[in-house]
Amino acid sequence: MRRIVVVLAGCLVLSGCGADQWKQRDVRFKVDKIYEVPSGYDREDAQLRLVLVGEVPDDALDPDTVSPQVVKRREIKGEVRVGDEVTCEAEQDTDGYFETNVTTTDLSFCEKA
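Residues numbered from 1 in each chain as written. Predicted model: local features only at pLDDT ≥ 70, side-chain atom pairs only at ≥ 80, totals over all residues. Heavy atoms only, no water.

Enquirer: Looking at this structure, how should I read the pattern of salt bridges?
Expert: Side-chain pairing between opposite charges can occur once the charged atoms of the two side chains come close. Under the counting rule described, the total for this entry stands at 11 salt bridges. Measuring nitrogen to oxygen at the nearest pair gives 3.4 Å for the salt bridge that ties R74 to D42. Remark: D42 occurs in the loop between β1 (20–35) and β2 (47–52) and R74 occurs in the loop between β3 (69–72) and β4 (76–77); sequence separation between them is 32 residues. For D45, the salt bridge goes to K72, with nearest N and O atoms at 3.9 Å. Residue D45 is located in the loop between β1 and β2, and its partner K72 is located in strand β3; the two are separated by 27 residues in the primary sequence. Given the relative accessible area of 29%, D45 is considered partly exposed. Given the relative accessible area of 30%, K72 is considered partly exposed. Connected via shared salt-bridge partners are E36, R43, R73 and E79. (Salt bridge = Lys/Arg side-chain N within 4 Å of Asp/Glu carboxyl O. Helix = DSSP H or I, 4+ residues; strand = E, 2+ residues; numbered from the N terminus. Buried < 20%, exposed > 50% of the residue type's maximum accessible area, 1.4 Å probe, protein only.)

Written out as structure tokens, the structure is:
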């Protein structure tokens, strides 16, 4: 019984190993496309495709997941159109080694530049 407890405790510790996080403010994106919603729906539910302006920050965990991004219009402070630039806080998280080890990028605090 004691061995099982030790093994389970070791597995819990190891499953968190390898988890990593990256966060950067003022990452600049350009509004590439707006997927408008049909009439009768809330305009704020429209999704916007954002593409990175410039280079991916060197310390990003997975540069391939930074751009493009899709966010809802309501997540951007200020009125934007195709071609406008916005700045966002970008954050990447990875799971531990025993998980799927997928890196995801999330944007928050976006506002028109």
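Enquirer: What exactly am I supposed to notice about the nonpolar core here?
Expert: The nonpolar side chains of a soluble globular protein tend to be buried, and buried together. Grouped together as the largest cluster of nonpolar side chains are 19 residues, with contacts concentrated most on F29, V31, L48, L50, I76, V86 and L107. Only β1, β2, β5 (85–94) and β6 (103–112) provide two or more residues apiece to this core. With 5 residues, β1 is the single largest residue contributor to this core. Beyond its immediate stretch of four places on either side in the chain, L48 contacts V31, K33, I34, Q69, V70, V71, K72, R73, I76 and V80. (Core = buried A, V, L, I, M, F, W, Y, C linked by side-chain atoms within 4.5 Å. Contact = heavy atoms within 4.5 Å.)

Enquirer: Any chance you could explain the state of the cysteines here in plain terms?
Expert: Linking two cysteines covalently through their sulfur atoms gives a disulfide. According to the stated counting rule, one finds 1 disulfide in the structure shown. Bridging C88 to C110, the disulfide has an S-S length of 2.1 Å. Residues C88 and C110 are joined through a disulfide that is right-handed, its torsion about the S-S bond being 115°. With C88 in strand β5 and C110 in strand β6, the pair connects residues that are 22 residues apart, well separated along the chain. A single burial state applies to C88 and to C110, both of which are buried. (Disulfide = S-S within 2.5 Å.)

Enquirer: Looking at this structure, how should I read the sheet that holds β5?
Expert: In a beta sheet, neighbouring strands pair by backbone hydrogen bonds and run either parallel or antiparallel. Here we have 6 strands laid out as an open sheet, ordered β3-β2-β1-β5-β6-β4, and mixed in their pairing. Strands at the two margins of the open sheet, each flanked by one partner only, are β3 and β4. Inspection of the sheet shows β1 paired to β5 by 9 bridges, in the antiparallel sense. Each residue of the ladder has a partner; that of F29, found in β5, is V86. (Pairing = 2+ DSSP bridges.)

Purely spatial values, then, with no claim about function.
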